[in-house]
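Single-letter residue listing:
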Amino acid sequence: LAYGESESPTAESENIKKARECLSVNKVDEAIAILKNEVQKGDPPEAQCLLGALYLQDKKDVKAALPLIEKAANQDHGMAQYILGGLYLEGMGVK
């Protein structure tokens, strides 16, 4: 499973698809806005993981990313679990 691919066999929400389209043309801030809205509507783990990864990758903001990635990982989202493991391995997000 490559990052950016949906882990779920069910259909992805239209907003997450729009966010991925924004990312494909380097409109990161627009993708973040879409994903924030999606997370606020119901905390889907795919949106949490993607938003958290964007905070890490683009904004270098571990403090904002960690709660999102942890929530997605706790909902058995495989990519979030992988990212969280990497963060913990690097000592980020641990006290």
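Remember, predicted model here, so these are calculated numbers, not experimental data.

Before going further, it helps to spend a moment on the environment of Val62. Structurally, Val62 can be placed in helix α4 (residues 62-74). For the pair formed by Val62 and Leu87, sequence separation is 25 residues and the distance between their alpha carbons is 8.8 Å.

The next subject is helix α5 (residues 78-89). For α5, which comprises twelve residues, the first-to-last C-alpha distance of 16 Å matches the rise-based estimate of 16 Å (1.5 Å per residue) to within 8%. Structurally, α5 contributes buried residues whose contacts are with α3 (45-57) and α4. Of the residues trailing α5, Gly91 is marked for its positive phi of about 80°.

Taken as a whole, this structure holds five salt bridges when the rule is applied. Residue Glu14 pairs with Lys17 through a salt bridge whose shortest N-O separation is 3.7 Å. Here Glu14 and its partner Lys17 are both found in helix α1 (residues 14-24), three residues apart, which amounts to about one turn of the helix. We classify Lys17 as partly exposed; its relative accessible area is 34%.

Moving on, we get to the side chain of Glu38. For Glu38, the position within the fold is in helix α2 (residues 28-42). What makes Glu38 buried here is its relative accessible area of 8%. A distance of 3.0 Å separates a polar atom in the side chain of Glu38 from a polar atom in the side chain of Asn15. Residues in contact with Glu38, not counting those within four places in the same chain, are Ser13, Asn15, Ile16, Asp43, Pro44 and Ala47.

This paragraph deals with the side chain of Gln48. Within the secondary structure, Gln48 sits in helix α3. The class of Gln48 is buried, set by a relative accessible area of 0%. Excluding residues that lie within four positions of it along the chain, Gln48 makes contacts with Val39, Asp43, Leu68, Lys71, Ala72 and Gln75.

Rules behind the numbers
- Starting from 1, residues in each chain are numbered consecutively following that chain's sequence as written.
- Where totals are concerned, whole chains, interfaces and linings use all residues; where local detail is concerned, this predicted model gives features only for residues with pLDDT of at least 70, and gives and counts side-chain atom pairs only at 80 or more.
- The side-chain numbers reported here are obtained from all heavy atoms of the structure, hydrogens and water having been left aside.
- Counting from the N terminus, the helices are DSSP H or I runs at least four residues long and the strands are E runs at least two residues long.
- Here the expected span of a helix is defined as 1.5 Å times the quantity of residues minus one.
- Here a residue-residue contact requires only that any non-hydrogen atoms of the pair lie within 4.5 Å.
- Here, a salt bridge means any side-chain nitrogen of Lys or Arg that lies within 4 Å of a carboxyl oxygen of Asp or Glu.
- We call a residue buried when its accessible area falls under 20% of the maximum for its residue type, exposed when it is over 50%, and partly exposed in between, using a 1.4 Å probe and counting protein chains only.
- Polar contacts, as counted here, are pairs of nitrogen or oxygen atoms within 3.5 Å of one another; within protein the pair requires one atom able to donate a hydrogen and one able to accept it, and residues that are adjacent in sequence qualify only if both atoms are side-chain atoms.

In short, geometric facts, not functional conclusions.
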